[in-house]
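Residue-level structure breakdown
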Amino acid sequence: MSTAIAHPNIALIKYWGKRDDELILPLTGSLSLTLDVFPTTTTVTLAPDSAVDEVLFDGAPAGAAERIVAFLDLVRGLAGSTTRARVHTRNSVPTGAGLASSASGFAALAVAAASAYGLALDDAALSRLARRGSGSACRSIVGGTAIWHAGSDDDSSFAEPVAGPDLGMVIAVVDAAAKPISSRQAMRRTIETSPYLPAWVSSTEADLAAMQQAFARGDVTAIGELTESNALRMHAAIMAARPPVRYLAPQSIALFDTAARLRADGLEAYATADAGPNVVFLCRGADVDAVRDAVAADPAAGIAPDRLVAAHAGPGAHLVEGAA
Ligand code: PMV
């Protein structure tokens with residue numbers, strides 16, 4: 001029996017678009033912060049007597065377990081095993097908060113399954129493995145800030161730590177509902193129909209290079225400006241797909257305005273958003289509480305204090321039980 005814990009990560013430079021759907025190789029590199037909130041805990045137990053894999057979420061049989069079974073098949077292939085497994089995943093995300101993360105989920109599963117099947121993998125290999133479950137999961141193998149090198153093949157596409165200033169985040173939960181279209185489908189539609197895709201790819205490559213320099217300088221202002229702009233460019237490329245996909249809600253836009261207002265008042269905060277309406281404020285680690293209080297106090301943001309979650313840099317995915 002092997003149990004692993006992993007945390008979600010939020011990208012400062014986004015991953016949006018695959019160049020290889022099977023291997024999950026991205027069109028561009030990306031850079032993220034792994035958080036210290038909303039951990040996923042996953043236990044993998046080998047079940048030699050079972051003919052099928054059993055997958056449970058919070059104790060109940062999981063609905064869409066195909067991706068998890070496909071991932072276990074990958075691990076079994078690496079381990080030369082045909083033994084089935086029992087997977088039990090517990091998410092600490094407040095029920096229905098809309099923040100359940102495939103990143104923490106597949107990072108925890110990669111670490112627990114590799115251990116259960118006796119694979120001795122280093123962090124780069126675990127990151128490559130987690131990538132096959134969900135692209136962004138490769139970054140949750142790494143604690144704190146991580147860069148995912150796009151790479152040119154399975155071997156060269158993985159995440160590793162990147163040194164930089166202490167950063168924090170405040171998550172604004174705008175809408176708890178499931179997203180209308182999965183990131184997987186929306187990425188494909190963006191690639192197939194958005195005329196802005198080439199501009200997204202070339203500008204993100206430039207943003208990533210600039211971001212690495214900003215990290216090396218410890219320049220939080222440049223990091224924040226690049227973060228906010230890169231997120232808006234991603235959403236612009238997505239909105240330009242046909243039929244269009246729009247993840248940002250009116251309140252999401254209002255929260256981007258709140259970030260600008262905070263900055264005008266001398267508190268540095270920058271907004272970003274993934275494939276949904278929730279907005280995440282990036283700031284200095286020391287400013288997290290001040291940013292949360294300032295967002296809560298902005299009437300135009302219209303967000304209740306209990307919908308704001310303060311987060312700092314969190315640990316990479318790790319075993320809590322079982323052999324590495
Ligand atoms: O890894 P996926 O398929 O959940 O895609 C993640 C996409 C974004 O969250 C929007 C961006 C990112 O880099 O995390």
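Let's shift gears to the pattern of salt bridges. Scanning all chains against the criterion turns up 16 salt bridges. As a salt-bridge pair, Arg 128 and Asp 155 come within 3.0 Å of each other at their nearest N and O atoms. Taken together, the residues span a long stretch of sequence, with Arg 128 in helix 3 (residues 123–133) and Asp 155 in the loop between strand 10 (145–148) and strand 11 (159–161) at a distance of 27 residues. If you follow the salt bridges from partner to partner, you end up with Asp 53, Asp 73, Arg 76 and Arg 84 in one network.

Here we come to helix 9 (residues 288–297). Looking at helix 9, one finds that the buried residues are Val 288, Val 291 and Val 295. Buried residues of helix 9, viewed axially, fall in a sector of 65°; they line one side. Elements that come into contact with the buried residues of helix 9 comprise strand 12 (167–172), helix 8 (250–264), strand 14 (279–284) and strand 15 (308–312).

We now examine the sheet that holds strand 5 (residues 30–34). What the 4 strands build is an open sheet, ordered 2-5-10-11; its pairing is antiparallel. This sheet does not close on itself; its edge strands, each paired only once, are strand 2 (9–13) and strand 11. When the angles between neighbouring strand axes are averaged without regard to direction, this sheet yields 35°. Packed on one face of the sheet, helix 6 (residues 197–217) meets strand 2, strand 5 and strand 10 and runs near 105° to strand 2.

A word on the sheet that holds strand 1 (residues 2–6). Reading across from one edge, 8-7-9-6-1-16 is the order of the 6 strands in this open sheet, with mixed pairing throughout. Each edge of the open sheet is held by one strand with a lone partner, namely strand 8 (60–61) and strand 16 (318–321). Direction of pairing for strand 1 relative to strand 16: antiparallel, over a ladder of 3 bridges. The residue of strand 16 that forms the bridge with Thr 3 is Glu 321. Its contacts with the sheet place helix 1 (residues 66–79) against strand 7 (54–57) and strand 9 (84–91), and it is angled at close to 125° to strand 9. Contacting strand 1, strand 6 (40–47), strand 9 and strand 16, helix 2 (residues 102–116) runs over the sheet at an angle of about 35° to strand 6.

Before going further, it helps to examine the site of the ligand. For the ligand, the set of nearby residues contains 14 residues, the closest of which are Tyr 15, Ser 102, Ser 134, Ser 136 and Arg 139. Residue Tyr 15 places a main-chain N or O atom 2.9 Å away from an oxygen atom belonging to the ligand. Separating an oxygen atom of the ligand from a side-chain N or O atom of Arg 139 is a distance of 2.7 Å. Surface burial for the ligand is 92%, taken as the share of its 380 Å² of free accessible area covered by protein chains. Residue composition of the shell around the ligand, grouped by class: 6 nonpolar, 5 polar and 3 charged.

Cis geometry marks the peptide bond from Arg 242 to Pro 243, where omega comes out at -10°. The residue Pro 243 is located in the loop between helix 7 (220–239) and helix 8 in this model. The phi dihedral of Phe 38 is positive, around 55°, even though this residue is not glycine. With respect to the secondary-structure elements, Phe 38 resides in the loop between strand 5 and strand 6. Judged by relative accessible area, Phe 38 falls into the buried class, the value being 10%. The backbone phi angle of Asp 58 is positive, close to 50°, even though this residue is not glycine. As for its position among the elements, Asp 58 is in the loop between strand 7 and strand 8.

Time to look at the side chain of Thr 3. Relative to the helices and strands, Thr 3 resides in strand 1. Residue classification places Thr 3 among the buried residues on the basis of a relative accessible area of 6%. Polar contacts involving the side chain of Thr 3 include one to the side chain of Thr 43, which spans 2.8 Å. Setting aside its immediate chain neighbours within four residues, Thr 3 contacts Thr 41, Thr 42, Thr 43, His 318, Leu 319, Val 320 and Glu 321.

As a further point, take the packing of helix 2 against helix 3. At their nearest, the axes of helix 2 and helix 3 sit 8 Å apart, and the two run at 125° to each other. In this view, helix 2 runs oblique relative to helix 3, as classed from their interaxial angle. Of the two elements, helix 2 crosses helix 3, and the hand of that crossing is right-handed. Contacts between helix 2 and helix 3 pair Phe 106, Ala 107, Ala 110, Val 111 and Ala 114 from the former with Leu 126, Leu 129, Ala 130 and Gly 133 from the latter. Split by residue class, the contact of helix 2 with helix 3 holds 8 nonpolar, 1 polar and no charged.

What follows concerns the nonpolar core. If you look at the biggest cluster of nonpolar residues, it comprises 30 residues, and the most contacted ones within it are Val 44, Phe 71, Leu 72, Val 75, Leu 109 and Ile 141. Counting residues per element, the ones that place at least two in this core are strand 1, helix 1, strand 9, helix 2 and helix 3. Considering each element in turn, this core owes the most residues, 10 residues, to helix 2. Excluding residues within four positions of it along the chain, Leu 72 makes contact with Asp 53, Ala 85, Val 87, Leu 109, Ala 113 and Tyr 117. Core analysis: the second largest hydrophobic core is formed by 26 residues, Ile 147, Met 169, Val 173 and Val 220 among them.

Rules behind the numbers
- Every chain's residues receive numbers from 1 upward, in the order its sequence appears when written.
- The predicted nature of this model means local features are confined to residues of pLDDT at least 70 and side-chain atom pairs, given and counted, to a pLDDT of 80 or more, with totals for whole chains, interfaces and linings taken over all residues.
- The side-chain figures draw on all heavy atoms in the structure; neither hydrogens nor water molecules are used.
- Salt-bridge detection follows one rule: a side-chain nitrogen of Lys or Arg within 4 Å of a carboxyl oxygen of Asp or Glu.
- Helix numbering and strand numbering both begin at the N terminus, where a helix is a DSSP run of H or I of at least 4 residues and a strand a DSSP run of E of at least 2.
- Working definition: with a 1.4 Å probe on protein chains only, accessible area under 20% of the residue-type maximum means buried, over 50% means exposed, and in between means partly exposed.
- As used here, the arc is the angular range of directions from the helix axis to the C-beta atoms.
- Note on contacts: a residue pair qualifies if any of its non-hydrogen atoms lie within 4.5 Å across the two residues.
- If DSSP finds at least two bridges between two strands, the strands pair.
- Angular values range over 0 to 180 degrees, each being the angle between N-to-C directions of two axes fitted as lines to C-alpha atoms, with helices fitted over their stretch in contact.
- By convention in these notes, a residue is near a molecule or strand provided one of its non-hydrogen atoms lies within 4 Å of it.
- Polar contact criterion, stated in full: a pair of N or O atoms within 3.5 Å, where within protein one must be able to donate a hydrogen and the other to accept it, and residues adjacent in sequence count only if both atoms are side-chain atoms.
- What sets the accessible areas is the Shrake-Rupley method with a 1.4 Å probe; for residues, cover comes only from the shown protein chains.
- Each residue is assigned to one class: nonpolar for Ala, Val, Leu, Ile, Met, Phe, Trp, Tyr, Cys and Pro, charged for Asp, Glu, Lys and Arg, and polar for all the others, Gly among them.
- Note on terminology: angles under 35 degrees are roughly parallel, angles over 145 are roughly antiparallel, angles of 65 to 115 are roughly perpendicular, and the others are oblique.
- Each crossing gets its handedness from the near helix: less than a right angle anticlockwise from the far helix is left-handed, clockwise is right-handed.
- What is meant by a nonpolar core is a set of buried Ala, Val, Leu, Ile, Met, Phe, Trp, Tyr and Cys residues, joined one to another through side-chain atoms within 4.5 Å.

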